Amino acid sequence: MPATSMDQLVSLCKRRGFIFQNADIYGGMQGLYDYGPLGVELKNNVKAAWWRSMVYERDDIEGLDAAILTNRKVLHYSGHEDTFADPMTDCRKCKGRFRADHIKDGKCPNCGSTDLTEPRPFNLMFKTTVGPIDNAENIAYLRPETAQAIFTQFRNVVDSTSRKLPFGIAQIGKSFRNEITPRNFIFRVREFEHMEMEYFVKPGEDEQWHKYWIENRVKWWEDQGLRRDRFRLYEQQPDELAHYAKACYDIEYQFPHGMEELEGIANRRDYDLGNHTKGQEEFKLEAHCHENHESTQKLCMKDEQTGEAFIPFVIEPSVGLDRAVLALLTEAYTEEDLGNGNSRIVLKLKKHLAPIKVAVIPLKKNNEQIMAKCHEIKKNLLKLGIGRVALENTGNIGKAYRRHDEVGTPICITVDFETIEQQPESVTIRDRDTMEQHRVNIADLPAYLREYFNN
Ligand code: GAP
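Model, not experiment: these values are computed from the prediction.

### Things to note about the sheet that holds strand β8 (residues 127-129)
Taken in spatial order, the 3 strands line up as β4-β9-β8 in an open sheet, and their pairing is antiparallel. Bordering the open sheet on either side are β4 (69-71) and β8, each of which pairs with just one other strand. Neighbour-to-neighbour, the strand axes of the sheet open up by a mean angle of 45°, direction not taken into account. Looking at chain direction, β4 and strand β9 (residues 139-142) are connected through 3 bridges and run antiparallel. From the neighbouring strand, Asn71 faces β9, where its bridge partner is Ala140.

Below, the structure is given as structure tokens:
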């Protein structure tokens, strides 16, 4: 179990600018967090790694970026309006509202009263109205998952890309859930980013593809730096499955607060495409669009041999980016004893995830010649496209190293008097993990760093 505690992570995230409580100056808002200067870089790097493995490195997956505001019909036919709910019990005495499964011995967890209502379903979707008139016809929702737009755009993607089965559609974007008990920092929040991929397959081939995607996702997490003995697979029991799922495996990670779900990999069968096909027909009948009835988009594929239409099954790996960030920070956070009563905090993130790739540090603050060289080095390194290169001007090299260890910067480059006084021009390179330092000629820096970051 990682020794990292939630308090250590929360403190580091605030101190170094990864994650802040939303609306902090007004006391915050439960279940909402803002990502600071380094948090946004880390998130972007995780998204890039996911997108690369899902879309760029494969030939069978396309991308999508759909609207967040969602037509009520979509979430009606997806089943979310009726079933995406937690049973809740109200306490008549203290007016608290609690998840029914959190009530023990029939007593209110807050005040102990037994004067409780029967459990009633509480829908987790955020409802809003679109346009100036606040009536039932204008109700829309903030999407609770990105998946639904993938299903409703299925026909458009197939027609515009000529895809044949099996193929997938990937999407990264915000989702919203009015969680009753947001908790454990960014683990359970009310606004989060989803990274979801729907992989469409022939019915009958779904179980083998489900196995394939479980193995694929386990390998991906290992590639991001999670140690295999800190996460496990959990097969959901029939009473735990979402309304659409035939089967689901969770990848559970040893978070600071316990072993909990990091990602779900579900077999959603033909539930969503089937329901949206049926939904369109009902919608047209209801709206008296009989003449348009023929134009219903059948969300199906044709069997190439028999010509018969069928609705594909779907395998869905779905992970919350915020949970991914929490797992990666938990794994990377290390306190090292350096001997003689000294220690350091170092964030051992894989280099492709590190928010800052290279820090260029002048040995002396505000020295014109040294600073000019630092700017020149930074400008040249940016051309490599390795990510963020930061320039420090603090003048305290020890503090700069400590700060960059804490935020996981893999390489620090120090520019000193030798750099500007001796030929060939050279700098000191310091490695975050080994703390080893050696001299590299400036002319060799691009090749050195290209090799380092490409490996
Ligand atoms: N489309 C399927 C789906 O949304 P889910 O099990 O409800 O399935 C998938 O969510 C993943 O989304 C979870 O494994 C988790 O990583 C993330 N997630 C769900 N609710 C979350 C919340 N309130 N806060 C942060 N992440 C959440």
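The rest of the description comes next.
### Looking at the nonpolar core
Ranked by size, the top nonpolar core spans 56 residues in total, and within it Ile19, Val46, Trp50, Trp213 and Trp221 carry the most contacts. Ranked by residue count, the leading element in this core is helix α9 (residues 321-332), at 8 residues. Other than its neighbours up to four places away in sequence, Val46 contacts Met195, Trp220, Leu321, Ala324, Leu328 and Leu353. Val389, Val415, Val427 and Ile429 belong to the second largest nonpolar core, which has 20 residues in total.

### What to know about the site of the ligand
Around the ligand there are 20 residues in total, and Glu145, Arg177, Glu179, Glu196 and Glu261 lie nearest to it. A distance of 3.4 Å separates a nitrogen atom of the ligand from a polar atom in the backbone of Phe187. Arg268 is positioned with one of its side-chain polar atoms (N or O) 3.4 Å from a nitrogen atom of the ligand. Considered on its own, the ligand offers 560 Å² of accessible surface; in the complex 90% of this is hidden by protein.

### Focus on the packing of aromatic side chains
On inspection of all chains with the given rule, the structure shows 14 aromatic pairs. Relative to Phe255, the ring of Phe187 has its centre 5.1 Å away and its plane inclined at 75°; by these criteria the two rings are edge-to-face. Linking Phe187 in the loop between β10 (167-176) and β11 (191-201) with Phe255 in strand β13 (residues 247-255), this pair joins segments that are 68 residues apart in sequence. Phe187 gets classed as buried once you look at its relative accessible area, which sits at 4%. Between Tyr199 and Trp209, the aromatic rings sit 5.0 Å apart at their centres with planes inclined by 55°, giving tilted as the arrangement.

### Here we look at the packing of helix α1 (residues 6-15) against α9
Packed helix pairs are specified by the crossing angle of their axes together with the interaxial distance, meaning the distance between the axes. Interhelical geometry of α1 versus α9 gives an angle of 105° and a closest axis separation of 11 Å. On the basis of the axis angle, α1 is roughly perpendicular to α9. Where α1 abuts α9, its residues Met6, Leu9 and Cys13 lie against Leu326, Leu329 and Thr330. Partitioned by chemical class, the residues of the contact of α1 with α9 number 5 nonpolar, 1 polar and no charged.

### Concerning the pattern of salt bridges
Where charged atoms of side chains with opposite charge meet at close range, the side chains can pair. Overall, the coordinates contain 36 salt bridges when judged by the stated rule. Arg217 is paired through a salt bridge with Glu263; the nearest N and O atoms lie 2.7 Å apart. Taken as a pair, Arg217 in helix α7 (residues 206-223) and Glu263 in strand β14 (residues 258-269) lie far apart in primary sequence, 46 residues in all. Classification of Glu263 as buried rests on a relative accessible area of 1%. In this structure, a network of salt bridges that share partners links the residues Glu336, Arg344, Lys348, Asp405 and Arg430.

Conventions used here
- Residues numbered from 1 in each chain as written.
- Predicted model: local features only at pLDDT ≥ 70, side-chain atom pairs only at ≥ 80, totals over all residues.
- Heavy atoms only, no water.
- Pairing = 2+ DSSP bridges.
- Helix = DSSP H or I, 4+ residues; strand = E, 2+ residues; numbered from the N terminus.
- Axes fitted to C-alpha atoms, helices over the stretch in contact; angles between N-to-C directions.
- Core = buried A, V, L, I, M, F, W, Y, C linked by side-chain atoms within 4.5 Å.
- Buried < 20%, exposed > 50% of the residue type's maximum accessible area, 1.4 Å probe, protein only.
- Contact = heavy atoms within 4.5 Å.
- Near = heavy atom within 4 Å.
- Polar contact = N/O pair within 3.5 Å; in protein donor to acceptor, adjacent residues only side chain to side chain.
- Areas by Shrake-Rupley, 256 points an atom, 1.4 Å probe, with all protein chains shown as cover.
- Phe/Tyr/Trp six-rings, centres within 6.5 Å; stacked < 30°, edge-to-face > 60°.
- Parallel < 35°, antiparallel > 145°, perpendicular 65-115°, else oblique.
- Nonpolar A, V, L, I, M, F, W, Y, C, P; charged D, E, K, R; others polar.
- Salt bridge = Lys/Arg side-chain N within 4 Å of Asp/Glu carboxyl O.

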